[in-house]
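Chain and residue survey
Letter by letter, the chains look like this.
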Amino acid sequence: MTYAQVVVDFPQRWADQLFTYEVPEGVGPGRAVLVPFGARQLRGYIASLSEAAPAEVEIKPILEVLGEEPVWPLEMIELAGWMCELYACTLVDAFQAVVPPTVVRRLIKPPKARKRKSAEQGLGEISRVHQLNESQRAALAQMQQPGTLLLEGVTGSGKTEVYLSAVERVLALGQSAIVLVPEVSLTPQAIDRYQGRLGEQVAVLHSRLSDAERTAQWLSLRRGQARLALGTRSAIFAPLENIGLIVLDEEHDQSYKQDSSPRYHARQVASWRAVRHGCPLVLGSATPCLESFVAARSGRYRHALMTERAARQQLPGVELIDLRRHRLRGRDDLSTPMVNALRATVGAGQQAVLLYNRRGFARYLQCPDCGKVVHCPHCSISLTVHRNPFELQCHYCGHRQAVLDSCRDCGSVALRECGSGTEKLFEEVRQKLPEARVLRMDRDTTGGVTGHADILRTFAQGGADVLLGTQMVSKGLDFPNVTLVGVVGADQGLHVPDFRAAERVLQLLTQVAGRAGRGELAGRVLMQAADADHPVFSYVRRHDYAGFLEEEIETRKALLYPPFARLARLIVSGEEEELVEASARQAAAWVLERYQGILLLGPSACPLEKIQGFYRWHFLLKGKQVKELAEILRNALRQCKRSSKVRWAADIDPQSIL
């Protein structure tokens, strides 16, 4: 008799184990099945087979085998098991990460075939083959060896052309490849470049695809019809065999970290797959994260440098507009030097990119009489004022409500909109530059599968003079006619309670500065800041990102922060604040009692104490070995007294502690 070890799709921590069932002959690992589970009938996933059954346990048979073929390749089953160990997540969460539930459902019960018009996701640009320069050829040569390579190249140095050449070589050898970009906004230009060179060998995977499109792309990879998976974070799970190359472009980007269970980092998953396939893993960036920089300097990663732009253009000059000297008028967000620069650029028939990393029209609504700010009823955050539609929105839970006409505390009708965002800045640019054609690119304007592509296509074809947006416009985009980049609120984010705050602001500023001067004309960058004396600005003006990292290394080493220690975070949440606090304190006490050598910070309320109606407490663990930290959190999750009213979440190597 053959028995199957089955992961049962039941979202409770106590059910996080393999259950044994009798399996029909010829049914192997990776198949979806229907199994009896107490009084229920639930879907399950076969993880492995054995000839022996557990003693003194009644073994029930599988009720039904679902679908016509295995859903999980063997590699994905092994990967799910590794993720459970490293990220202290459940087997169900890991299995659903490596193959999305929407794909599983369509493989088990395919829908009726319908003709659907394929959405145009690219920009329609023509992909051209460029002759590699000396530094590009040197980088390409290093990408032929197994192991991890940090490809550090200044903005505009032609890293994408190197990736393309490497992918072409791999596909010519009969192998497959994965190329990741951090955000959906970067996929349109990437699609043009890769499909323009490689045609139907490219499959695209990202969150904006419909269920049918995602399944079709997944199957084309699984069946070998496409051999390059191009997409965002989850494309790292592409069902490819014989992988010859994995690339993470903009490897520093925080978007590569999943913020819900399993809280994996695409860089770590990519490393696991690269080792399994014995292929190169390329981490590319103009602003690599400190962890990767130190790994390269210590010899754990190979390191390739590209210090000049591909066409020998000069890096743009960076000028700082000190708002203590150039004071803004009234509720304006643009200083006089910024307006003059935009006007001159548009007048010369050139284009500008304007970054303001804040959505909405006004940051919050406040009563000037009693001082109260209108907050989200579900989160510890103020509601943002939007004008189109005219309403208050929470950017954490999605709550929406009408704009108040009077204060709910004192009755005053003099409510005031404070602060600003991209929506208000868009209005100001159009008012001060009526001759300019302006596009706005943020989460509110990029809905649908082609939302990003439609905006970028218009800009690429010269249909607009100014592209204004959030961090979406800051990286990866290549428009030769952009000669001016402006940054509003350049010091925004420097004083967030996070040890990575300065690094992230410098990465953002360096990346967006690199959008200027990529064509024949020189580029110029203007950055407005109220805290203009902050040391970050001296580095960005000198284009000295490496100098910042050298100084930051000493700070991290002194405070024992990554990469000189590993972090793990346990987050406890629930609707009853006292119960959440008590549970967090209980878990922290349990850890300290059993692991006396561990360094524990907290417990305390999270900086964002309440999100989506749930109060949140957390504590941090510091240690040298990430496996030890993961084991501690797994044991805490299993052993601590649990309540159905409290949620627990482990976060290994957290990228945010808010």
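Read on for an overview of the structure. What you see is a predicted model, and the numbers here were worked out from it, not measured in a lab.

Structural notes on the overall build of the chain
- Counting its regular elements, the chain contains 17 helices and 28 strands.
- Overall size of the chain, expressed as C-alpha extent along the three principal axes, is 80 × 65 × 55 Å.
- Buried positions account for 56% of the 658 residues belonging to the chain.
- When contacts within the chain are restricted to residue pairs at least 6 apart in sequence, those whose partners lie at least 24 apart make up 75%.

Details of the side chain of Asp 333
- Considering the arrangement of structural elements, one finds Asp 333 in the loop between β14 (317-322) and α10 (336-347).
- In terms of polar contacts, Asp 333 uses its side chain to reach the side chain of Ser 420, at 2.8 Å.
- Residues within four places of Asp 333 in sequence aside, it is in contact with Leu 328, Tyr 356, Ser 420, Lys 424, Leu 425, Glu 428, Val 488 and Gln 528.

Here's the deal with the sheet that holds strand β25 (residues 566-574)
- Read from one edge to the other, the open sheet built from four strands follows the order β26-β27-β25-β28, with strand pairing classed as antiparallel. The open sheet has two edge strands, β26 (599-611) and β28 (646-652), and neither has a second partner. Taken over all neighbouring pairs, the strand axes of this sheet differ in orientation by 20 degrees on average, direction set aside.
- Bridge count for β26 against strand β27 (residues 614-623) is seven bridges, and the pairing is antiparallel.

Structural notes on the packing of aromatic side chains
- Across all of its chains, the model carries 13 aromatic pairs by this definition.
- Between Phe 19 and Phe 37, the aromatic rings sit 5.1 Å apart at their centres with planes inclined by 90 degrees, giving edge-to-face as the arrangement. Of this pair, Phe 19 sits in strand β2 (residues 18-22) while Phe 37 sits in strand β3 (residues 32-37), and the two are 18 residues apart along the sequence.
- With centroids separated by 5.0 Å and ring planes inclined at 75 degrees, the aromatic side chains of Phe 237 and Tyr 264 adopt a geometry described as edge-to-face.

Description of the pairing of strand β18 (residues 390-393)
- As paired strands, strand β17 (residues 384-387) and β18 are joined by four bridges and run antiparallel to one another. Across the sheet, residue His 386 finds its bridge partner in β18, namely Glu 391.
- Between the end of β17 and the start of β18, which pair antiparallel, lie two residues.
- As paired strands, β18 and strand β19 (residues 400-401) are joined by two bridges and run antiparallel to one another. Bridging across to β19, Gln 393 finds its partner in Arg 400.
- Turn length for the β18-β19 hairpin, with the two strands adjacent in sequence and antiparallel, is six residues, and the turn residue Gly 398 shows positive phi of about 85 degrees.

Topic: the layout of surface pockets
- One number sums up the size of the second largest pocket: a volume of about 1200 Å³.
- The wall of the second largest pocket is formed by 47 residues, among which His 130, Glu 161, Arg 193, Asp 478 and Arg 518 lie closest to the centre.
- Taken together, the elements giving at least two residues each to the lining of the second largest pocket come down to α5 (159-172), α6 (187-198) and α12 (451-460).
- The greatest single-element share of the lining of the second largest pocket, amounting to six residues, is contributed by α6.
- Grouping the amino acids of the lining of the second largest pocket by side-chain chemistry returns 17 nonpolar, 17 polar and 13 charged.

Describing helix α2 (residues 91-98)
- In terms of burial, α2 is a largely internal element, six of the eight residues being buried.
- Those residues of α2 lying buried are Leu 91, Val 92, Ala 94, Phe 95, Ala 97 and Val 98.
- Where the residues of α2 are buried, they touch β1 (3-8), β2, β4 (40-50) and α1 (74-87).

Here's the deal with unusual backbone geometry
- Across the junction of Ser 261 and Pro 262, the peptide omega takes the value -5 degrees, indicating a cis bond.
- Inspection of the secondary structure assignment puts Pro 262 in the loop between β11 (243-249) and α8 (266-277).
- Cis geometry is found at the peptide bond from Gly 602 to Pro 603, where omega equals 5 degrees.
- Note on placement: Pro 603 falls in strand β26.
- Phi is positive for Glu 250, which is not a glycine, with a value near 50 degrees.

Looking at the pairing of strand β21 (residues 438-441)
- Residues Val 438 and Arg 440 line one face of β21 and the alternating positions Leu 439 and Met 441 line the opposite face, and both faces are buried.
- Pairing between β21 and strand β22 (residues 466-469): four bridges, direction parallel. Its bridge partner lying in β22, Val 438 is registered against Val 466.
- Assessed by its sense of winding, the connection that carries the chain from β21 through α12 to β22 is right-handed.

Brief notes about the nonpolar core
- Counting 86 residues, the largest nonpolar core has Trp 72, Ile 246 and Leu 621 as the members making the most contacts within it.
- Examining the composition of this core, we find that eight residues originate from one element, α1, more than from any other.
- Counting 43 residues, the second largest nonpolar core, distinct from the first, contains Phe 479, Val 482, Leu 509 and Val 536.

So, the pattern of salt bridges
- For the structure on display, the rule yields 38 salt bridges.
- Between Glu 391 and Arg 400 there is a salt bridge, and its shortest N-O distance comes to 2.4 Å.
- Overall, Arg 400 belongs to the partly exposed group, its relative accessible area being 49%.
- With its nearest N and O atoms 3.1 Å apart, the salt bridge here joins Asp 478 to Arg 518. Of the two residues, Asp 478 is situated in the loop between β22 and β23 (482-487) and Arg 518 in the loop between α13 (501-513) and β24 (524-529); the sequence distance between them amounts to 40 residues.
- On the basis of relative accessibility, which here comes to 25%, the residue Asp 478 falls in the partly exposed class.
- Sharing partners across several salt bridges, the network here consists of Asp 332, Asp 333, Lys 424, Glu 428 and Lys 432.

What counts, and where the lines are drawn
- Residues numbered from 1 in each chain as written.
- Predicted model: local features only at pLDDT ≥ 70, side-chain atom pairs only at ≥ 80, totals over all residues.
- Heavy atoms only, no water.
- Helix = DSSP H or I, 4+ residues; strand = E, 2+ residues; numbered from the N terminus.
- Buried < 20%, exposed > 50% of the residue type's maximum accessible area, 1.4 Å probe, protein only.
- Contact = heavy atoms within 4.5 Å.
- Polar contact = N/O pair within 3.5 Å; in protein donor to acceptor, adjacent residues only side chain to side chain.
- Pairing = 2+ DSSP bridges.
- Axes fitted to C-alpha atoms, helices over the stretch in contact; angles between N-to-C directions.
- Phe/Tyr/Trp six-rings, centres within 6.5 Å; stacked < 30°, edge-to-face > 60°.
- 1 Å grid on protein atoms, 1.4 Å probe; cavity = no way out; pocket = protein on both sides within 12 Å on 5 of 7 lines; lining within 4 Å.
- Points joined across faces, edges and corners; volume = space filled by probe spheres on them.
- Nonpolar A, V, L, I, M, F, W, Y, C, P; charged D, E, K, R; others polar.
- Right-handed = clockwise from strand over helix to strand, strands pointing away.
- Core = buried A, V, L, I, M, F, W, Y, C linked by side-chain atoms within 4.5 Å.
- Salt bridge = Lys/Arg side-chain N within 4 Å of Asp/Glu carboxyl O.

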